[in-house]
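# Per-entry structural report
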Amino acid sequence: MRALIILVITFAILATQFYRGVRKKKILGAIIPLVMTALFITISFLEKTAEYAITGIISVVAIIIVWFIGYFKSAKYEKSEIDKMKAKDIQ
């Protein structure tokens, strides 16, 4: 059951980041990575180990990549829509 909860939380975080990337919300897209960075640094400091810091860095990089995927997908979609509009204007 614990694995399922972790999977759902992970999916929700990634979906939120993708949505913020698609909507081109740069400031909002930085909130989750900053919060997670602070969380993993705090946990590593309290436990006096670097294990959580390494995991945190990998997680934050993955979240940032998902945001960039949404951001570039949105830009590509906007460009294709503008091209369609230009094609209709020419006709």
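A quick note: this is a predicted structure, and the numbers were derived from the prediction, not measured.

### Remarks on the nonpolar core
Ile32, Met36, Phe40, Val60 and Ile63 form the largest nonpolar core, which has five residues in total. Among the elements of the structure, helix 2 (26-47) and helix 3 (51-90) are those that each provide at least two residues to this core. Looking at this core element by element, the count peaks at three residues for helix 2. The contact partners of Ile32, leaving out residues within four places of it in the chain, are Ile13, Thr16, Gln17, Arg20 and Ile63.

### A short note on a nonpolar patch on the surface
On the surface, Met1, Leu4, Ile5, Leu7, Val8 and Ile9 cluster together into a nonpolar patch covering about 660 Å² of accessible area. Note on placement: Ile5 falls in helix 1 (residues 2-22). According to the relative accessible area criterion, Ile5 is partly exposed, its value standing at 46%.

### Considering the pattern of salt bridges
What the rule picks out here adds up to two salt bridges. Two residues, Lys84 and Glu81, come together in a salt bridge whose shortest N-O distance is 3.5 Å. Taken together, the positions of Lys84 and Glu81, both in helix 3 and three residues apart, correspond to about one turn of that helix. The class for Lys84 is partly exposed, based on a relative accessible area of 49%. Residue classification places Glu81 among the partly exposed residues on the basis of a relative accessible area of 26%.

### Looking at the packing of aromatic side chains
Applying the stated criterion across every chain yields a total of four aromatic pairs. With 5.0 Å between their ring centres and 20° between their planes, Trp67 and Tyr71 make a pair best called stacked. Taken together, the residues Trp67 and Tyr71, both in helix 3 and four residues apart, mark about one turn of the helix. Here the aromatic rings of Tyr71 and Phe72 are separated by 5.8 Å at their centres, their planes lie at 75°, and the arrangement is edge-to-face. One aromatic cluster in this structure is built from Trp67, Phe68, Tyr71 and Phe72.

Definitions and cut-offs
- Residues numbered from 1 in each chain as written.
- Predicted model: local features only at pLDDT ≥ 70, side-chain atom pairs only at ≥ 80, totals over all residues.
- Heavy atoms only, no water.
- Core = buried A, V, L, I, M, F, W, Y, C linked by side-chain atoms within 4.5 Å.
- Buried < 20%, exposed > 50% of the residue type's maximum accessible area, 1.4 Å probe, protein only.
- Helix = DSSP H or I, 4+ residues; strand = E, 2+ residues; numbered from the N terminus.
- Contact = heavy atoms within 4.5 Å.
- Patch = residues over 30% accessible without salt bridge, like charges linked within 9 Å, V, L, I, M, F, W, Y side chains within 5 Å.
- Areas by Shrake-Rupley, 256 points an atom, 1.4 Å probe, with all protein chains shown as cover.
- Salt bridge = Lys/Arg side-chain N within 4 Å of Asp/Glu carboxyl O.
- Phe/Tyr/Trp six-rings, centres within 6.5 Å; stacked < 30°, edge-to-face > 60°.

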